[in-house]
Amino acid sequence: MTNLIQEGSKVILYLGYNNLHVIKAKANEVYQTKFGALKHNDLIGKEFGSKIICTKGYVHALSVIPELWTLALPHRTQILYMADISLILLELDIKPGSIVIEAGTGSGSLSHSIIRSLRPNGHLYTFEFHELRSNLARNEFEEHGLSQFVTVQHRDVLSNGFEHENIADAVFLDLPAPWNAIEHVMKVLKKTGGRLCTFSPCIEQVQRTCQRLHMNNFEEINTVECLRRIHEFRYQHRSKIRFTADQNQEEIIDRKSNKREPDDDDGDEEEETTTNKKLKNDSEATTKRQPQETESTLTAIGPLVMPGHTGYLTFAYIKQE
Amino acid sequence: MSTFKDGDHAVLTCHDRTKIVQIRKGRPIFIDKNKIFLDHLIDQRDGSYFELKDKYLCNIGTNQAKKLIQTEDISSDNAGQDNRDLCDDGSVNQTLQHEEIEQLKSEGVSGQLIISQLVSKSATFEKKTAFSQQKYLNKKKKKYILIYRAWKPSIRLLCQAYTHDLQKILYLRRDTLAMLLSLSNINHGSNVAIVESCQGLILASVIQRCAGGNGFIFNLTPAGEKNSTSPCCDFMDFSNEYTTNVYTIPIENVGDLNTIERANQAKPIEKPTNEKTLQALERRQRRLDGLQLFEKTKLNSLIIASKYDSLSILQHLIDYLALSSHFVIYSQTVQNLLECYQFLKKRGGNIHVEIADSWLREYQILDERTHPFIRMSGASGYLLSGMIVQS
Ligand SMILES: C[S@@+](CC[C@H](N)C(=O)[O-])C[C@H]1O[C@@H](n2cnc3c(N)ncnc32)[C@H](O)[C@@H]1O
């Protein structure tokens with residue numbers, strides 16, 4: 001893959017945090033952003049990561065990578081986000097060379113990450129019973145140069161299964177009734193052992209799935225929930241209370257040392273007193289500087305409101321010979 | 001299909017314990033101070049079951065194994081209704097003595113038999129509720145029925161093996177590792193630099209994801225540390241194809257062009273005599289090659305999960321990152337990352353900078369008894385991530 005933007009390249013424009021736009025570079029076209037007009041001709045030939053000047057500001061041009069795509073993609077369904085996606089990849093042991101089955105394709109958010117981790121010699125078979133969604137996903141994979149790693153099929157997997165037999169290292173299901181697909185899953189998974197993950201928002205769905213998994217001799221069944229908290233950066237300014245007791249204390253000390261000063265005419269101690277005096281002057285200086293008494297520290301704070309639930313992930317393993 | 005060979009690593013699981021071992025003919029491993037030979041794992045398949053018989057792990061059929069380890073689900077016929085008759089005065093409940101059990105074990109009596117003896121000699125078993133009978137039996141099974149399962153190592157299983165040893169991997173939880181790998185956008189062909197103190201767990205994950213692509217993987221380690229600080233890479237039994245582009249280089253010398261110059265000048269003139277010095281020389285040459293290569297390479301990803309100061313590492317390495325490359329820093333505490341954040345803001349040329357942590361909750365799913373596990377990990381550490389762009 002080249003690192004230069006070409007005619008026809010998909011480009012993710014980064015306008016700011018959580019402000020991403022997807023465009024396709026086409027010679028002579030113009031795209032309107034909140035920073036003014038962006039000439040496509042300014043994109044073509046530039047390296048991904050470049051700063052592109054618009055009429056009233058600038059944006060950064062980035063390539064389609066799974067994290068950004070998940071944030072920028074056109075939503076045609078509910079989608080999975082990186083916390084769940086990352087855990088799914090790890091727990092399903094998806095690695096270069098893996099053969100993976102997915103249903104439904106939905107908006108292709110998860111698919112992009114799966115493809116990244118099974119490249120260059122694995123393959124994803126993804127199924128979707130909504131024809132338009134299935135076609136749109138296929139087009140996107142094509143545009144992103146991923147076609148050779150993925151087969152998109154328009155198919156109802158509950159009625160018709162996954163077409164193949166004994167080929168998959170891992171199966172992922174994100175559909176309303178995953179328990180009804182278990183027999184098909186067993187067929188498509190490698191007989192020598194394979195892993196399954198189902199994603200369901202409701203605990204009742206999980207319960208039915210687990211029952212069915214036990215009935216069919218799946219093993220190592222476990223269910224988890226994973227949430228990611230993105231912190232906000234904030235300078236925290238804290239003003240200090242000026243306790244009068246502390247002030248009195250300081251005054252007393254001050255008075256004491258002031259009193260002692262005139263008595264100090266013993267030559268031997270001269271050096272010591274001067275150092276003392278210095279110290280005392282220093283401390284006086286700090287107490288006088290204190291009125292501004294606020295401290296600022298950079299902090300990271302969890303979000304006040306955040307998604308508290310996405311869905312439960314249930315993992316299982318089955319070996320059939 | 002994947003079978004075990006002499007010299008391979010395997011992950012052994014037994015109930016909720018996980019242990020990484022190496023299979024070597026005639027050489028025992030130790031589990032709970034007991035010598036165990038793994039010779040019979042050779043040629044067996046991933047996911048096979050084994051029973052401990054006379055110091056050897058011996059293959060047993062899947063069905064037989066499953067029957068043995070199956071958790072109990074007792075009908076309530078022989079059980080008390082509630083706990084009202086149950087009193088625990090601590091002494092007389094169990095009449096089978098510890099010494100007797102040990103005696104039975106050494107005679108080779110099966111775990112099942114020991115458990116049925118324990119049940120028949122328990123004064124209170126009959127009075128327990130069905131639920132606590134079940135619990136009792138499952139607890140005893142855990143202790144007396146030792147059926148092992150042998151797996152081909154995977155990053156998932158390594159994470160599992162370290163869950164009781166998290167201090168060794170800087171408390172890096174599996175969901176955090178998973179997220180770190182996504183955020184660093186590692187893939188086939190990436191040039192990656194890793195600075196880690198997690199037993200090579202991150203390095204191993206990266207090697208696997210790069211799968212012998214054309215990119216280079218630089219493992220930056222403090223020179224003073226022993227060569228093998230990456231046991232996880234050994235555990236994964238990577239093929240040569242996967243590791244030819246992996247260079248372990250001393251991080252202190254990065255950016256110091258004089259080192260290479262000096263090292264090249266200081267080349268010993270006389271030919272090495274024995275195998276050991278030859279190997280040492282080769283390793284030295286490899287480090288130098290790596291250093292030289294590093295200076296010429298533009299990185300696509302930088303991962304830091306180090307017990308050393310992250311900020312100074314980031315400051316020293318950031319200029320090696322290519323346009324639209326990714327950096328991720330893991331730290332157990334957020335303070336370290338805030339320093340890095342302040343540096344990044346001042347420097348500019350980076351976007352999409354985030355600090356995040358995560359929360360992982362496991363569930364017990366049973367009919368009428370579904371709930372989150374009583375214990376969960378409360379500390380996932382934090383990840384700082386972002387991308388390098390033109391400023
Ligand atoms: C929530 S979406 C999946 C989102 C996807 N995981 C993502 O990250 O973009 C669920 C999809 O499953 C599809 N679906 C539901 N039942 C199906 C079935 N029986 N066969 C195939 N697809 C099905 C729906 O049309 C929908 O697009």
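Quick caveat, the model's predicted, so the values are computed rather than measured.

## Digging into the overall build of chain B
Then step 1. If you tally the helices and strands in chain B, you get 13 helices and 15 strands.
Then step 2. The C-alpha radius of gyration computed for chain B amounts to 27 Å, which surpasses the reference 21 Å derived for 391 residues by more than 25%, pointing to a less compact arrangement than a globule.
Then step 3. Here the C-alpha coordinates of chain B stretch approximately 80 × 55 × 40 Å along the principal axes.
Then step 4. The long-range fraction of contacts in chain B, counting pairs at least 24 apart against all pairs at least 6 apart in sequence, stands at 71%.

## Topic: helix H6 (residues 174-183) of chain B
Residue and element names in this part refer to chain B.
Then step 1. The buried count for H6 comes to 10 of 10 residues, which makes it a mostly enclosed element.
Then step 2. Listed as buried for H6 are Arg174, Asp175, Thr176, Leu177, Ala178, Met179, Leu180, Leu181, Ser182 and Leu183.
Then step 3. Asn185 sits one or two positions beyond H6 and adopts a positive phi of about 50°.

## Focus: the environment of B:Pro222
Residues and elements named next belong to chain B.
Then step 1. For Pro222, the position within the fold is in the loop between strand E9 (217-221) and helix H8 (231-235).
Then step 2. Pro222 gets classed as buried once you look at its relative accessible area, which sits at 15%.
Then step 3. Apart from residues no more than four positions distant in its own chain, Pro222 is found in contact with Ile251, Glu252 and Tyr308.

## Here's the deal with the interface of chain B and chain A
Then step 1. In this assembly, 58 residues from chain B lie in contact with 58 residues from chain A.
Then step 2. Here chain B packs against chain A, burying approximately 5,200 Å² in sum over the two surfaces, 57% of which is carbon and sulfur.
Then step 3. In terms of surface lost to chain A, no three residues of chain B exceed B:Arg156, B:His352 and B:Ile365, which account for 12% of the buried area on that side.
Then step 4. When the shortest N-O distance is used, the salt bridge between A:Glu219 and B:Arg149 registers 2.9 Å.

## A word on the domain arrangement of chain A
Residues and elements named next belong to chain A.
Then step 1. Domain boundaries assigned for chain A yield domain 1 (10-63) and domain 2 (69-228 + 312-318).
Then step 2. Of note, the centres of domain 1 and domain 2, computed from C-alpha atoms alone, are 33 Å apart.
Then step 3. Counting residues at the interface gives 5 residues for domain 1 and 6 residues for domain 2.
Then step 4. In this assembly, domain 1 packs against domain 2 so that about 530 Å² is buried in total across both faces, 64% of it on carbon and sulfur atoms.
Then step 5. The three residues of domain 1 that bury the most area against domain 2 are Lys10, Leu20 and Val22, which together make up 70% of that side's buried surface.
Then step 6. Between the two partners, domain 1 and domain 2, sit 3 residue pairs in polar contact (both at pLDDT 80 or more).
Then step 7. Secondary-structure elements contributing two or more residues to the side of domain 1 that touches domain 2 are strand E1 (10-16) and strand E2 (19-24).

## Quick word on the nonpolar core
Nonpolar side chains tend to gather and get buried jointly when the protein is soluble and globular.
Then step 1. B:Leu177, B:Ile202 and B:Val206 are the most contacted members of the largest nonpolar core, which totals 69 residues.
Then step 2. When neighbours within four sequence positions are excluded, B:Leu177 is seen to be in contact with A:Leu90, B:Ile155, B:Cys159, B:Leu172, B:Leu201, B:Ile202 and B:Ser205.
Then step 3. Judged by nonpolar contacts, the second largest core, of 38 residues, contains B:Ile260, B:Leu293, B:Ile318 and B:Val334.

## With respect to the UniProt feature "binding site: S-adenosyl-L-methionine" (unreviewed entry) in chain A
Residue and element names in this part refer to chain A.
Then step 1. Residues annotated in UniProt with the feature "binding site: S-adenosyl-L-methionine" (unreviewed entry) correspond here to Ser107, Gly108, Ser109, Leu110, Glu128, Asp156 and Asp174.
Then step 2. Residue placement: Ser107 occurs in the loop between strand E7 (99-103) and helix H4 (109-118).
Then step 3. Beyond its immediate sequence surroundings of up to four residues, Ser107 is in contact with Leu73, Pro74, His75, Arg76, Thr77, Ile79 and Glu140.
Then step 4. A polar contact is formed between the side chain of Ser107 and the backbone nitrogen of Arg76, at a distance of 3.0 Å.
Then step 5. Here Ser109 shows up in helix H4.
Then step 6. The buried category is assigned to Ser109, whose relative accessible area is 3%.
Then step 7. In contact with Ser109, not counting residues within four places along its chain, are Thr70, Leu73, Ile79, Leu80 and Ile85.

The rules behind these values
- Residues numbered from 1 in each chain as written.
- Chains lettered and ligands numbered in written order.
- Predicted model: local features only at pLDDT ≥ 70, side-chain atom pairs only at ≥ 80, totals over all residues.
- Heavy atoms only, no water.
- Helix = DSSP H or I, 4+ residues; strand = E, 2+ residues; numbered from the N terminus.
- Rg over C-alpha atoms; globule rule 2.2 N^0.38 Å.
- Contact = heavy atoms within 4.5 Å.
- Buried < 20%, exposed > 50% of the residue type's maximum accessible area, 1.4 Å probe, protein only.
- Buried area = accessible area lost by both parts, 1.4 Å probe.
- Salt bridge = Lys/Arg side-chain N within 4 Å of Asp/Glu carboxyl O.
- Domains from an automatic or database assignment.
- Polar contact = N/O pair within 3.5 Å; in protein donor to acceptor, adjacent residues only side chain to side chain.
- Core = buried A, V, L, I, M, F, W, Y, C linked by side-chain atoms within 4.5 Å.
- UniProt positions renumbered as here; feature names shortened; annotations may be inferred.

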